[in-house]
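Listed here are the chains, written in short residue letters.
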Amino acid sequence: MAIDRSLVSGSMGMMILRLLSEKDMYGYEMIDTLRKRSENVFELKAGTLYPLLHGLEEKAFLTSYEQEVMGKTRKYYQITREGKRYLEQKKTEWKEYSRAVSSVLALEV
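Residues numbered from 1 in each chain as written. Predicted model: local features only at pLDDT ≥ 70, side-chain atom pairs only at ≥ 80, totals over all residues. Heavy atoms only, no water.

Peer 1: Describe the sheet that holds strand S1 (residues 25-26), naming the residues involved and giving the relevant values.
Peer 2: Spatially, the 3 strands line up as an open sheet ordered S1-S3-S2, and their pairing is antiparallel. Edge positions in the sheet fall to S1 and strand S2 (62-69), since each of these pairs with one other strand and no more. In this structure, S1 lies alongside strand S3 (residues 72-79), joined through 2 bridges in antiparallel fashion. Looking at the pairing, methionine 25 lines up with tyrosine 77 of S3. (Pairing = 2+ DSSP bridges. Helix = DSSP H or I, 4+ residues; strand = E, 2+ residues; numbered from the N terminus.)

Shown next as structure tokens:
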């Protein structure tokens, strides 16, 4: 099922930070992990991911570093302390929002 982009755009940063709260990752690894965990609902493209990562980096929610793996240099991203605080705030907001939406959708007419 295709999900409306406007529903996804506001939560994508939160999901990326959540992935990075588990371990440092490079771009394709994030794309693949997000796709698998969402059971193919979130098919993020590199052209969408990298501007998002750059924006999160500008806000100091994550940092990046390069590391050579099997002769190939990869850029890894790491969540910062500020990013962890922001993630916790967004998770709380998301729980409240999703609970409210579920309550409204559950109303019988």
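Peer 1: Explain the nonpolar core to me, and be specific about the residues and the numbers.
Peer 2: Among the nonpolar cores identified, the biggest contains 21 residues, and Ile16, Leu20, Met30 and Leu34 are the most heavily contacted of them. Within the residue set of this core, elements represented by two or more residues are helix H1 (5-22), helix H2 (27-37), helix H3 (46-58) and S3. The element that contributes the greatest number of residues to this core is H1, accounting for 7 residues. When near neighbours in sequence (up to four residues on either side) are disregarded, leucine 20 contacts Met25, Met30, Leu62, Tyr77 and Ile79. (Core = buried A, V, L, I, M, F, W, Y, C linked by side-chain atoms within 4.5 Å. Buried < 20%, exposed > 50% of the residue type's maximum accessible area, 1.4 Å probe, protein only. Contact = heavy atoms within 4.5 Å.)

Peer 1: Any chance you could break down the pattern of salt bridges for me, citing the residues and the numbers?
Peer 2: Inspection of the entire model under this criterion finds 8 salt bridges. Salt-bridge contacts for arginine 18 lead to glutamate 22; the nearest nitrogen and oxygen are separated by 3.2 Å. A residue pair is termed a helical-turn pair when its members lie 3 or 4 positions apart in one helix, as arginine 18 and glutamate 22 do in helix H1 at 4 residues. You can call glutamate 22 partly exposed: its relative accessible area is 38%. One salt-bridge network, in which partners are shared between bridges, spans Arg18, Glu22 and Arg37. (Salt bridge = Lys/Arg side-chain N within 4 Å of Asp/Glu carboxyl O.)

Peer 1: Account for the packing of H2 against H3, with residues named and values stated.
Peer 2: The N-to-C vectors of H2 and H3 enclose an angle of 115°; their axes lie 10 Å apart at closest approach. If you check the angle between H2 and H3, you find them roughly perpendicular. By crossing handedness, the relation of H2 to H3 is classed as right-handed. Where H2 abuts H3, its residues Gly27, Tyr28, Met30 and Ile31 lie against Ala46, Leu49, Tyr50 and Leu53. Partitioned by chemical class, the residues of the contact of H2 with H3 number 7 nonpolar, 1 polar and no charged. (Axes fitted to C-alpha atoms, helices over the stretch in contact; angles between N-to-C directions. Parallel < 35°, antiparallel > 145°, perpendicular 65-115°, else oblique. Left-handed = near helix turned anticlockwise from the far one by under 90°. Nonpolar A, V, L, I, M, F, W, Y, C, P; charged D, E, K, R; others polar.)

Peer 1: Can you lay out the packing of aromatic side chains for me, pointing to particular residues and giving the numbers?
Peer 2: This structure, assessed with the given rule, holds 4 aromatic pairs. With centroids separated by 5.6 Å and ring planes inclined at 40°, the aromatic side chains of tryptophan 94 and tyrosine 97 adopt a geometry described as tilted. Pair noted here: tryptophan 94 and tyrosine 97 are both in helix H4 (residues 81-105), with a separation of 3 residues, about one helical turn. When the ring centre of tyrosine 26 is taken as reference, the NZ or CZ atom of arginine 74 above it lies at 4.1 Å. (Phe/Tyr/Trp six-rings, centres within 6.5 Å; stacked < 30°, edge-to-face > 60°. Lys NZ or Arg CZ within 6 Å of the ring centre and 35° of its normal.)

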